Amino acid sequence: MVLLWLGALGSWLFVVTFVLDGWTRPGYSPVRHPVSALALGPRGWLQTANFILCGLGITAGSVAIADTLGSVVLAATVAAFGVSLVASGVFPMDAMRAYPPGTPDETPVEVSMRHRLHDWAGVVVFGALPLAAIVAAVVLPEVGWKWYSALTAAAALAGFAAFGQAWEQDRPRTGLVQRATIVVGWVWLGFLFAYAAG
C-alpha cells in the first residue's frame, strides 16, 4: 500500500514541480523550452531532484503493481518508465536554444554523450508510458479503466509524436506540446497507482 502511494505521489508531484518551477524560472519559457531544460542553470538541482526522486517513487510503486493488479508485464513497463525518469535526471541535456540565459539560440551540431544518454532515456520514458496504458487497457477488468487507459495510450502516442516533430523543427510551442502530453500520461499513472491501492 505504501509503495503504491509513493508511485502516485511521484507521478503527480513530478507534474506539480515542473509546472511551478517553469512558471517562476527567470529566462525560461514553459511554452518553448522542454521540461528537461529545467535541470540546467542555477536552479537546475530542483528538476534534477524531481526526475530522480519521482522516478524512484514510481519504480518503487511498480513493485506492488504485480501483486495488486496481477500483471507482471504492467509492473515491468511502469518500472522501466520509472528507471528511465531517474536516468533522465542523472544525465541532463545540454544547454541550447537560449536556455540557460546567455546560451546561443540554436541547436548544437554536436552534443555530449550525457545529452545522448538523456535522449535515450527519454525514448524509453515516452515509449514505456503509452505501452503501460495499452497493457492496462488489456489486463484491467473494469470497462471504465479499459477505456481510460486506451484513450490515454492514444493521446500519449499522438502527443509524444507531436512533441518529437515540434522539437526537431524548434517550433515556438514545443514546450507546451510536451507539457500537455506529460500531464495526460503522468496523471493517468498516478490514478493507476491510487486505483491499485484502493
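Think of each chain on its own: its residues are numbered from 1, step by step along the sequence as written. Given that this is a predicted model, residues contribute local features only at a pLDDT of at least 70 and side-chain atom pairs are listed and counted only at 80 or more, while totals for whole chains, interfaces and linings are drawn from all residues. The basis for the side-chain values is all heavy atoms of the structure; hydrogens and waters are excluded.

Q: Would you mind showing me how to read the packing of helix α4 (residues 113-139) against helix α5 (residues 143-168) here?
A: Angle between the axes and distance between the axes: these two values describe a pair of packed helices. Angles run from 0 to 180 degrees between N-to-C directions of axes, and those axes are lines fitted to C-alpha atoms, restricted for helices to the stretch in contact. Strands here are runs of E lasting at least two residues and helices are runs of H or I lasting at least four, both read from the DSSP assignment and numbered beginning at the N terminus. Running from amino to carboxyl end, α4 crosses α5 at an angle of 160°, the nearest separation of the two axes being 7 Å. Relative to α5, the element α4 is oriented roughly antiparallel. For the pair α4 and α5, the crossing hand works out as left-handed. Contact residues: Phe126, Leu129, Pro130, Ala133, Ile134, Ala136, Ala137, Val138 and Val139 in α4; Lys146, Ser149, Ala150, Thr152, Ala153, Ala156, Leu157, Phe160 and Phe163 in α5. Working rule for angles: under 35 degrees goes down as roughly parallel, over 145 as roughly antiparallel, 65 to 115 as roughly perpendicular, anything else as oblique. Helix crossings are classified by the rotation of the near helix relative to the far one: an anticlockwise turn of less than a right angle makes the crossing left-handed, while a clockwise turn makes it right-handed. Residue contacts are counted whenever heavy atoms from the two residues lie within 4.5 Å of one another.

Q: How should the nonpolar core be read in this particular structure?
A: In this description, a nonpolar core means a group of buried Ala, Val, Leu, Ile, Met, Phe, Trp, Tyr and Cys residues linked to one another through side-chain atoms lying within 4.5 Å. The classification of residues rests on relative accessible area computed with a 1.4 Å probe and restricted to protein chains. Under 20% of the type maximum is buried, over 50% is exposed, and intermediate values are partly exposed. Residues Phe14, Ile65, Leu74, Phe81, Trp186 and Leu192 are the most contacted members of the largest nonpolar core, which totals 46 residues. For this core, the secondary-structure elements that each account for two or more residues are α1 (2-24), α2 (44-69), α3 (72-90), α4, α5 and α6 (174-197). Ignoring sequence-local partners within four residues, the contact set of Phe81 consists of Ile58, Val125, Ala128, Leu129, Trp186 and Leu189.

Q: Hey, could you run me through the side chain of Arg25 in this one?
A: The topology assignment puts Arg25 in the loop between α1 and α2. Given a relative accessible area of 5%, Arg25 falls into the buried group. Polar contacts, as used here, are pairs of N or O atoms within 3.5 Å; protein pairs need one atom able to donate a hydrogen and one able to accept it. Residues neighboring in sequence count only if both atoms are side-chain atoms. Polar contacts involving the side chain of Arg25 include one to the main-chain carbonyl oxygen of Leu40, which spans 3.1 Å. In contact with Arg25, other than residues within four places in its own chain, are Leu38, Leu40, Arg43, Gly44 and Tyr99.

Q: Where do I start with the pattern of salt bridges in this structure?
A: If the charged atoms of two oppositely charged side chains come close together, the side chains can form a pair. The salt bridge definition used is simple: a Lys or Arg side-chain nitrogen within 4 Å of an Asp or Glu carboxyl oxygen. Applying the stated criterion across every chain yields a total of 6 salt bridges. Measuring nitrogen to oxygen at the nearest pair gives 3.1 Å for the salt bridge that ties Asp170 to Arg32. Highlighted residues: Asp170 in the loop between α5 and α6 and Arg32 in the loop between α1 and α2, separated in sequence by 138 residues. The closest approach of N and O atoms between Arg114 and Asp94, which form a salt bridge, is 3.4 Å. Of this pair, Arg114 sits in helix α4 while Asp94 sits in the loop between α3 and α4, and the two are 20 residues apart along the sequence. Arg114 sits in the partly exposed class, given a relative accessible area of 37%. Connected through shared salt-bridge partners, Arg32, Arg97, Asp105 and Asp170 make up one network.

Q: Help me out: how do you make sense of the environment of Val19 in this one?
A: As for its placement among the helices and strands, Val19 is situated in helix α1. A relative accessible area of 23% places Val19 in the partly exposed class. Distance in space between the C-alpha atoms of Val19 and Arg179 is 8.4 Å, their sequence separation being 160 residues.

As far as function goes, none of this settles anything; it's purely spatial.
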